[in-house]
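Here is what each chain is made of, one letter per residue.
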Amino acid sequence: MENKKNKCVFLDRDGVLNKDIGYLKSTDQLIILPGVIEALKKLKEAEFLLIIVTNQSGIAKGFFYEDDLKKVHNALLAIFKKNNVYIDDIFYCPHHKDGTVKPYNIPCNCRKPDTKMIKDSVIKYNIDLRKSYLVGDKDTDIQLAINAGLKSFYVKNDMYEYDKNVVSDYTVDNLAEAAEIIIEISNNI
Ligand SMILES: [Mg+2]
Ligand SMILES: [Zn+2]
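What this report covers is the structure whose coordinates are included nearby. If you're wondering where the values come from, they're calculated on a predicted model, not measured in any experiment.

## Some words on the coordination of the magnesium ion (ligand 1)
Logical step 1: Each protein donor to the magnesium ion (ligand 1) is listed here as D12 (OD), D14 (O) and D137 (OD); together their distances run 2.1 to 2.2 Å.
Logical step 2: We note that the donor set of the magnesium ion (ligand 1) lies within a single chain, spaced as D-x1-D-x122-D. Of this pair, D12 sits in the loop between strand 1 (7-11) and helix 1 (36-45) while D137 sits in the loop between strand 4 (133-136) and helix 4 (139-148), placing them 125 residues apart in sequence. Across this residue pair, the class does not change: D12 and D137 are buried.

## Concerning the coordination of the zinc ion (ligand 2)
Logical step 1: Protein coordination of the zinc ion (ligand 2) is provided by C93 (SG), H95 (ND1), C108 (SG) and C110 (SG), with donor distances spanning 2.0 to 2.3 Å.
Logical step 2: Coordination at the zinc ion (ligand 2) comes from four donor atoms whose angles at the metal span 103 to 118 degrees, giving a geometry best classed as tetrahedral.
Logical step 3: All donors of the zinc ion (ligand 2) come from a single chain, and their spacing in sequence reads C-x1-H-x12-C-x1-C. Linking C93 in strand 3 (residues 89-93) with C108 in the loop between strand 3 and helix 3 (116-125), this pair joins segments that are 15 residues apart in sequence.

## Remarks on the packing of aromatic side chains
Here a ring pair, both rings aromatic, is described through the centre-centre distance and the interplanar angle of the planes.
Logical step 1: A complete count under the given rule lists five aromatic pairs for this structure.
Logical step 2: Between Y23 and F63, the aromatic rings sit 4.7 Å apart at their centres with planes inclined by 75 degrees, giving edge-to-face as the arrangement. Taken together, the positions of Y23 in the loop between strand 1 and helix 1 and F63 in the loop between strand 2 (48-55) and helix 2 (66-82) put the pair 40 residues apart, joining distant regions of the chain.
Logical step 3: On the basis of relative accessible area, Y23 is assigned to the partly exposed category, the value being 39%.

Rules and cut-offs
Residues numbered from 1 in each chain as written. Chains lettered and ligands numbered in written order. Predicted model: local features only at pLDDT ≥ 70, side-chain atom pairs only at ≥ 80, totals over all residues. Heavy atoms only, no water. Donors = N, O, S within 2.8 Å, 3.2 Å for Na, K, Ca; no water. Helix = DSSP H or I, 4+ residues; strand = E, 2+ residues; numbered from the N terminus. Buried < 20%, exposed > 50% of the residue type's maximum accessible area, 1.4 Å probe, protein only. Tetrahedral: all angles 85-135°; square planar, octahedral: opposite > 155°, others 65-115°. Phe/Tyr/Trp six-rings, centres within 6.5 Å; stacked < 30°, edge-to-face > 60°.

Below, the structure is given as structure tokens:
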């Protein structure tokens, strides 16, 4: 049997899939960004796994509970499913070293740009990182891609200052543009 490894697009959540409102904590705050549904569909048709990797330190900081986060993620997956989009998995980091809520107020190796969420995905889904991509809207996302050996797409935004020393492979306006480029590259490999 052929042991073919999977290719994956790792997706930051806030600012890439849904509007980043800062510490989003309830389902009524979920606003899917324009073009996201179609972009995810195209990536799926191109046989990419779709895995969300998201820092959610709001849990460690006491802004919301892990249960709230699970409700938000279930709602997000339900919106996508209603539109025939299937996300393969969501990995999140609930930690922050300066947080106040036990047991989350610890240093960890899953908070982006640390790579545990990617490494866990690779094991769980047999992913070939050389054929995989990450789309994010912060320098920490791009640094994660660099640390993990993924090609990176920086989604331009005015919300966060960006450390220019962290160089992405591509800079795009949104996920739709990233998806187009990803599909074009993967067709040429
Ligand atoms: Mg983000
Ligand atoms: Zn963590």
